[in-house]
Amino acid sequence: MNTRVIPCLLIKNRSLVKTEKFKNAVYIGDPINAVKIFNEKEVDELVFLDISASIEKRGIDFGLIEDIASECFMPFSYGGGIKSIEDIKRLINLGVEKIILNSIAVANIKFVEEAAQLFGSQSIIVSIDAKRDMFGRCCVYTHGGRVKTKLHPVGFALEIEKSGAGEILLTSIDMEGTLNGYDLELIKEVSGAVTIPVIANGGAGQLGHFQQAVQKGASAVAAGSMFVFHGKYKAVLISYPHINEVRKLMG
Amino acid sequence: MVLYNSLEEYRVCKYCIMDTSDPEIIFDEEGRCSHCKRYFHIAQERILPDDELKIRLGALVEKIKNKGRGRKYDCLIGVSGGVDSTYVAYIVKKLGLRPLAVHLDNGWDSELAVKNIELTLKKLGIDLFTYVLNWEEFKDLQLSFLKASTPDLEIPTDQAIIASLFFVASRNRIKYILLGENVVTEAIMPKRWSSGQSDWKYIKNVHKKFGKFKLKRYPYFSFFKRLYYFYLKCHVINILNYIPYDKNEAIDILEKEIGWKNYTSKHYESIYTRFVQGYILPKKFGFDKRRAHLSTLICSGQMSRERALEEIAKDPYSSGDLKRQDFNYVVKKLGLTEGEFERLLSLPIKKFDDYPSYASSSFYRIIRFLELNKTIKAWVQMFLGRR
């Protein structure tokens, strides 16, 4: 099986932004044009996360998602501000292939169960945002990294699996946007505990990082900065590795 | 659709392919137009023999290197992914200069453009800075120009490019901005087709009249900013005028050595530019910018008139599918419905002079007059500490 390499794009007030460790959102342009460019680069799939929806308690920007869907010729997932089954229904009707749940999954795992039953496991992803404390202990966060929970990523991952969700998007808050590589320990622990696919996210800066994540058990890899920034000044320039490069690396 | 001044008959120049789609075109008794005559006039002054060019280029490079000594970069280049700017990047590295590249992202980049930029800069080892325009704001400005109904729809981008270059140059204390504008492929462009790239007053006024939001983050190039950069001694140099520039040769080199890919037409690296030049201008304003580009190539001996005529007879869009696709995309991205867009296209045609600009302001007329007066110009330069 080929490893999926997924650009993970962050949205804030209809704009594309890029954060570092979930902070300092930098404006990087119009999401629609980014989608158009990724289309032509023949990307496997795209992930969109609205990072302000939960924090600002705003609803989902369905208009934007409709625009994205009409321009996006590849499967794409959406997460951010989802509060009800009705929301999911509407998103799927607009053409979103997979729904990503975060804050609501932590608050109420029963909701994930219900969603997975209604829409099928394959269309429900639960995202885990994990951050380490000064002793290296890992903890799950919600609301864009602002709210700390008592959950441990592995324990939560097991719950997610039991609830019937089809995939886990595992993001390391400490590594996100740093380009220094994934939190490999975290990937190893979580993917070792569950049987459902784990998408590694947060920290990729070069192709070698993908390889490392896969070796630790990730089924797919996601990255943000690496695909939107170029060079030492982090100049905004969208790129995506050629399929042959990825194949050569992953074997 | 206005093809040409309907009182006069349709005419094409006997030497180049400029025609009456420029209402200001003048023909002589032999049937040659004012544009190609002007070209040769400029060429005589500005296109120098090869050995003379070599000397001038050598001196220029020396000066740039000297001024930039001890600094991280000695010059700034703009990159769009197109032939001219990519060739500038190539040449500048060949000359041993240390450039910093700037790209203006106006939200319309094509995949080919970003790929070309990525390849070029990686291959040549040039650092990049991207100036990203705020899309919601810029959309408002582009819509204002559609509402203003003037043919210079791309002016908001042109202005932002030059303003962002100066901004990055001054922030990095770079004294030379090297651009790809050139005589041999670009000298012909009717005034009525596009004016005011550097006229901030014009842009500001059009936006004031038709825009909805305030322009807070849009980089502009006002008269006072120009004075400031003048004070900073920031120079703009069209480096391709310092070499014998042959477009086809340049394309060949870039394809072979960099893996750069060519476009179907000039300036088609941006989707909006492609749509403006390939659809809006011919349909609404009755002219085709390729006519000017091809005519310049005829004049500079880089293309035969027959080839140019064949070229201009083709639809600017290589396929109807692409045209439809671009149409839908542009309408959606500008946040319009098809009906609203068609309504904008059917507004009566206006021209540059219909809006207030630096060109029409008496204050700036005086300033320009002063600039023309050699003694006063020298005095101003002395006053500003510039030789």
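The structure under discussion appears in the preceding block.
Just so you know, the residues in each chain are numbered from 1, in the order the chain's sequence is written. Both sets of labels track the order of writing: A upward for chains, 1 upward for ligands. Confidence filtering applies because this is a predicted model: local features only for residues at pLDDT of at least 70, side-chain atom pairs given and counted only at 80 or more, and all residues used for totals across whole chains, interfaces and linings. To obtain the side-chain values, all non-hydrogen atoms of the structure were used and water was disregarded.

Enquirer: Can you walk me through the nonpolar core in this structure?
Expert: Put simply, buried Ala, Val, Leu, Ile, Met, Phe, Trp, Tyr and Cys residues joined by side-chain atoms within 4.5 Å make one nonpolar core. For every residue, the accessible area (1.4 Å probe, protein chains only) is compared with the maximum for its type, and the residue is labelled buried under 20%, exposed over 50%, or partly exposed between those bounds. Formed by 190 residues in total, the largest nonpolar core has its most connected members in A:L46, A:L101, B:L178 and B:I280. Residue contacts are counted whenever heavy atoms from the two residues lie within 4.5 Å of one another. Those residues in contact with A:L101 that sit more than four places away from it in its chain are A:I82, A:I88, A:F111, A:V112, A:I124, A:I125, A:V126 and A:S127. Ranked by size, the runner-up nonpolar core spans 12 residues in total, among them A:I6, A:V17, A:L169 and A:A222.

Enquirer: What is the right way to look at the layout of surface pockets in this model?
Expert: In this approach the atoms are scanned with a rolling probe the size of a water molecule, which exposes any empty space left behind. Residue and element names in this part refer to chain A. Taken as a whole, the second largest pocket encloses approximately 830 Å³ of empty space. Elements with a minimum of two residues in the lining of the second largest pocket: strand 1 (4–12), strand 2 (15–20), strand 3 (23–29), strand 4 (46–50), strand 6 (98–101), helix 4 (103–107), strand 7 (124–132) and strand 10 (167–172). In the lining of the second largest pocket, the residues fall into 16 nonpolar, 21 polar and 12 charged. Cavities and pockets were defined on a 1 Å grid built over protein atoms only: a cavity is a set of grid points that admits a 1.4 Å probe from which the probe cannot escape, a pocket is an open set flanked by protein on both sides within 12 Å along at least five of seven lines, and lining residues are those with an atom within 4 Å of any such point. Grid points are joined across faces, edges and corners, and a volume is the space filled by probe spheres set on the points. By definition, any uninterrupted DSSP run of H or I lasting at least four residues is a helix, any uninterrupted run of E lasting at least two residues is a strand, and each is numbered from the N terminus. Any residue outside Ala, Val, Leu, Ile, Met, Phe, Trp, Tyr, Cys, Pro, Asp, Glu, Lys and Arg is labelled polar, Gly included; the first ten of those are nonpolar and the last four are charged.

Enquirer: What is the right way to look at the side chain of B:K284 in this model?
Expert: Residues and elements named next belong to chain B. With respect to the helices, strands and loops of the structure, K284 is situated in helix 11 (residues 271–285). Lys and Arg are tallied as positive, Asp and Glu as negative. Neither His nor the chain termini are counted. Salt bridge, as used here: a side-chain nitrogen of Lys or Arg that lies within 4 Å of a carboxyl oxygen of Asp or Glu. Buried within the structure, K284 lacks any salt-bridge partner; its nearest side chain of opposite charge belongs to E342, at an N-O separation of 10 Å. Only 2.5 Å separates the side chain of K284 from the side chain of S149, close enough to count as a polar contact. Contact partners of K284, with chain neighbours within four places excluded, come to S149, L344, L345, L347 and I349. Counting of polar contacts relies on pairs of N or O atoms within 3.5 Å, with two restrictions inside protein: one atom must be capable of donating a hydrogen and the other of accepting it, and residues adjacent in sequence are counted only when both atoms are side-chain atoms.

Enquirer: Honestly, the sheet that holds strand 4 (residues 176–179) of chain B in this entry has me stumped. Any pointers?
Expert: Neighbouring strands of a sheet are bound in pairs by backbone hydrogen bonds; such pairs are parallel or else antiparallel. All names here are of chain B. A pair of strands is treated as paired once DSSP finds two or more bridges between them. Here 5 strands make up an open sheet; going across it, the order is 3-2-1-4-5 and the pairing parallel. Each edge of the sheet is formed by a strand with only one pairing partner; in this case those strands are strand 3 (127–132) and strand 5 (235–238). Between one strand axis and the next, the sheet turns by 30° as a mean value, whatever way the strands run. Axis angles are defined between N-to-C directions and span 0 to 180 degrees, where every axis is a line fitted to C-alpha atoms and, for a helix, only to the segment in contact. Those strands touched by helix 2 (residues 50–67) are strand 1 (75–78), strand 4 and strand 5, and its axis lies near 140° from that of strand 4. In this fold helix 6 (residues 155–171) packs onto strand 1, strand 2 (99–105), strand 3, strand 4 and strand 5, with an angle of close to 145° to the strand it touches most, strand 2.

Enquirer: Help me out: how do you make sense of the pattern of salt bridges in this one?
Expert: Pairing is possible between side chains of opposite charge, provided their charged atoms come close. Tallied over the entire structure, the rule returns 28 salt bridges over all chains. The shortest N-O distance in the salt bridge between A:E176 and A:K18 comes to 2.5 Å. Within this pair, whereas A:E176 is found in the loop between strand 10 and helix 7 (184–193), its partner A:K18 is found in strand 2, the two being separated by 158 residues in sequence. Judged by relative accessible area, A:E176 falls into the buried class, the value being 6%. Owing to a relative accessible area of 6%, A:K18 belongs among the buried residues under this scheme. Salt-bridge contacts for A:D30 lead to B:K333; the nearest nitrogen and oxygen are separated by 2.3 Å. Highlighted residues: A:D30 in the loop between strand 3 and helix 1 (31–40) and B:K333 in helix 14 (residues 320–333), drawn from two different chains. For B:K333, a relative accessible area of 5% corresponds to the buried category. Among the charged side chains, a network of salt bridges with common partners joins A:R4, A:E45, A:K98 and A:E167.

Enquirer: Got a minute to help me understand the interface of chain B and chain A in this structure?
Expert: Think of interface size as the accessible area that goes away when the parts come together; that is how it is often given. If you look at the interface, chain B gives 29 residues, while chain A gives 22 residues. Buried area, as used here, totals the accessible surface that two parts lose on assembly, with accessibility defined by a 1.4 Å probe and the loss added over both. For the pairing of chain B and chain A, the buried interface totals around 2,100 Å² over both sides, and the portion due to carbon and sulfur atoms is 56%. Contact with chain A buries surface across chain B, with B:E111, B:Y329 and B:K332 losing the most and accounting together for 26% of the total. In this structure, the connection of chain B to chain A is made through 4 salt bridges. A:K232 is the partner of B:D127 in a salt bridge, and the nearest nitrogen-oxygen pair spans 3.2 Å.

Enquirer: How do you make sense of helix 3 (residues 83–94) of chain B when you look at a structure like this?
Expert: Two residues of an α-helix separated by three or four positions point the same way, owing to the 3.6 residues in each turn. Residue and element names in this part refer to chain B. To estimate how far a helix should reach, multiply one less than its number of residues by 1.5 Å. Helix length check: helix 3 (12 residues) gives 16 Å between terminal C-alpha atoms against 16 Å at 1.5 Å per residue, within 8%. Summarising burial for helix 3: 10 of the 12 residues are buried, a large majority. All of the buried residues along helix 3 are V83, D84, S85, T86, Y87, V88, A89, Y90, I91 and V92. Elements that come into contact with the buried residues of helix 3 comprise strand 1, strand 2, helix 4 (111–124), strand 4, helix 7 (183–186) and helix 10 (247–257). After helix 3 finishes, the residue G96 shows a positive phi value of roughly 80°.

Enquirer: Just checking my understanding: could you explain empty space enclosed by the protein for this structure?
Expert: Counted according to the given criterion, the structure contains 6 cavities of 30 Å³ or more. In this model, the largest cavity occupies a volume close to 180 Å³. In terms of lining residues, the largest cavity is bounded by 20 residues, among which A:I28, A:N33, A:V236, A:I238 and B:D105 are the most central. Here the lining of the largest cavity takes 3 residues from helix 1 of chain A, the largest share from any one element.

Enquirer: Explain the packing of helix 14 of chain B against helix 15 (residues 338–345) of chain B here, please?
Expert: Helix packing for two helices is described by the angle between their axes and how far apart those axes are. Residues and elements named next belong to chain B. Between helix 14 and helix 15, whose axes approach to 10 Å, the crossing angle comes to 95°. Here helix 14 lies roughly perpendicular to helix 15, going by the angle between them. For the pair formed by helix 14 and helix 15, the contact residues are R324, F327, N328 and V331 on the first element and E338, F341 and E342 on the second. A breakdown of the residues in the contact of helix 14 with helix 15 according to their chemical character gives 3 nonpolar, 1 polar and 3 charged. Roughly parallel covers angles under 35 degrees, roughly antiparallel covers those over 145, roughly perpendicular covers 65 to 115, and oblique covers all other angles.

Enquirer: Honestly, the state of the cysteines in this entry has me stumped. Any pointers?
Expert: Think of a disulfide as a covalent bridge from one cysteine sulfur atom to another cysteine sulfur atom. Defined by distance alone, a disulfide is two cysteine sulfur atoms within 2.5 Å. As enumerated under the stated definition, the model contains 0 disulfides over all chains in all. The closest cysteine sulfur to the non-disulfide-bonded A:C72 is located on A:C8, 13 Å from its own sulfur. Considering cysteine sulfurs only, B:C75 is the nearest to B:C234, which forms no disulfide, with 12 Å between them.

Enquirer: Mind showing me how you'd approach helix 2 of chain B here?
Expert: Residue and element names in this part refer to chain B. The first and last C-alpha atoms of helix 2 sit 26 Å apart over 18 residues, in line with the 26 Å expected at 1.5 Å per residue. Of all the positions in helix 2, only L53, L57, L60, V61 and I64 are classed as buried. Here the buried residues of helix 2 occupy an arc of 100° about the axis, which is enough to place them on one side. Residues of helix 2 that are exposed and point over 90 degrees away from its buried face: D51 and I55. Packing partners of the buried residues in helix 2 comprise strand 1, strand 4 and strand 5. Directions drawn from the helix axis to the C-beta atoms are what define this arc.

Enquirer: Explanation requested: the side chain of B:H103 in the structure shown.
Expert: All names here are of chain B. Within the secondary structure, H103 is located in strand 2. Looking at H103, its side chain comes within polar contact range of the main-chain oxygen of V79, at 2.8 Å. Leaving out residues up to four positions away in the same chain, H103 has contacts with V79, S80, D109, I117, L128, F129, T130 and Y131.

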